[in-house]
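Architecture at a glance
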Amino acid sequence: QTYTGNNLEPKPSTVKDGGVTLVEGTDYTLSWSNNTNVGTATVTITGKGNYAGTEVKTFTITAKAVTVTVNDATKVYGATDPKFDAKVEGLVGEDTLAITCDRTTGEDVGTYEITAVVAENANYAVTVIPGTLTITEATLPSAALEYETTVYDGSEKKPSVTIEGLTEGKDFTVAYTNNTNAGEATVTITGIG
């Protein structure tokens, strides 16, 4: 028998006295115990009418298969992780499983596995199907450009660029154009990583 959340009451296919097949309700009655949860259950055959005594037999209740599928998620680099969750298929009635979804690696742009830890419940044989967390590139925040109007002196002008929380060369590059002669110069900040 497989766990159903209900009392399981399988009946013996036959009960015999030698070559005589006995009739339930006339010659014997049946009662069950420990017959709901996974494990060894018993059925007791009690004689009735022309029969006396009892016979105890056992049967096994096995775990019901359940699938926990972790939902995929996305986030932008640098943002906090979204709440990870999962879909459960195969639970019986009002039964629930305590599930914790998380990831163990990866902060950079890329795709990482999200898995689930399921609290043990002997009535269920749980299969976990992992999900993925996809981290996408972030848009560069506003940059602070420190400069002052200067007079032409024949040298390139390279005002410093700062972006809070980011590092030049690791998170962004800076390129200058038209920054030697008199006129308007351009600073281009490009995200990397």
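Residues numbered from 1 in each chain as written. Predicted model: local features only at pLDDT ≥ 70, side-chain atom pairs only at ≥ 80, totals over all residues. Heavy atoms only, no water.

Before going further, it helps to examine the pairing of strand β4 (residues 39-47). Relative to β4, strand β3 (residues 28-33) runs antiparallel, the two being bridged by six bridges. Note that in β4 the partner of tyrosine 28 across the bridge is glycine 47. Hairpin connection from β3 to β4: five residues lie between these consecutive antiparallel strands, with asparagine 34 at a positive phi of about 50 degrees. Turn length for the β4-strand β5 (residues 54-61) hairpin, with the two strands adjacent in sequence and antiparallel, is six residues, and the turn residue glycine 49 shows positive phi of about 65 degrees. (Pairing = 2+ DSSP bridges. Helix = DSSP H or I, 4+ residues; strand = E, 2+ residues; numbered from the N terminus.)

Quick look at the sheet that holds strand β7 (residues 73-76) now. With mixed pairing, four strands are arranged side by side in an open sheet as β7-β12-β10-β9. One side of each edge strand has no neighbouring strand; the edge strands of this open sheet are β7 and β9 (99-102). When the angles between neighbouring strand axes are averaged without regard to direction, this sheet yields 25 degrees. Inspection of the sheet shows β7 paired to strand β12 (residues 131-136) by four bridges, in the parallel sense. Looking at β12, one finds that lysine 75 is bridged to isoleucine 135. (Axes fitted to C-alpha atoms, helices over the stretch in contact; angles between N-to-C directions.)

All told, the structure shown has ten salt bridges when counted by the stated rule. For aspartate 153, the salt bridge is made with lysine 157, and the minimal N-O distance between the two is 2.8 Å. Residue class for aspartate 153 comes out partly exposed when judged on its relative accessible area of 49%. Among the charged side chains, a salt-bridge network with shared partners connects Lys75, Asp81, Arg103 and Glu107. (Salt bridge = Lys/Arg side-chain N within 4 Å of Asp/Glu carboxyl O. Buried < 20%, exposed > 50% of the residue type's maximum accessible area, 1.4 Å probe, protein only.)

Across the sheet, three strands lie side by side as β8-β6-β11; this open sheet has mixed pairing. Of all the strands in the sheet, just β8 (86-89) and β11 (124-129) have a single pairing partner and so form its edges. Shown here is a sheet whose adjacent strand axes are inclined to one another by a mean of 20 degrees, direction ignored. Examined bridge by bridge, strand β6 (residues 64-70) and β11 share six bridges and lie parallel to one another. Within β11, the residue paired with valine 66 across the bridge is valine 126.

With that settled, consider the environment of valine 66. With respect to the helices, strands and loops of the structure, valine 66 is situated in strand β6. Taking relative accessible area as the criterion, valine 66 reaches 1% and is therefore assigned buried. If near-sequence neighbours (up to four positions away) are discounted, valine 66 is found in contact with Val88, Glu89, Gly90, Leu91, Leu97, Tyr124, Ala125, Val126 and Thr127. (Contact = heavy atoms within 4.5 Å.)

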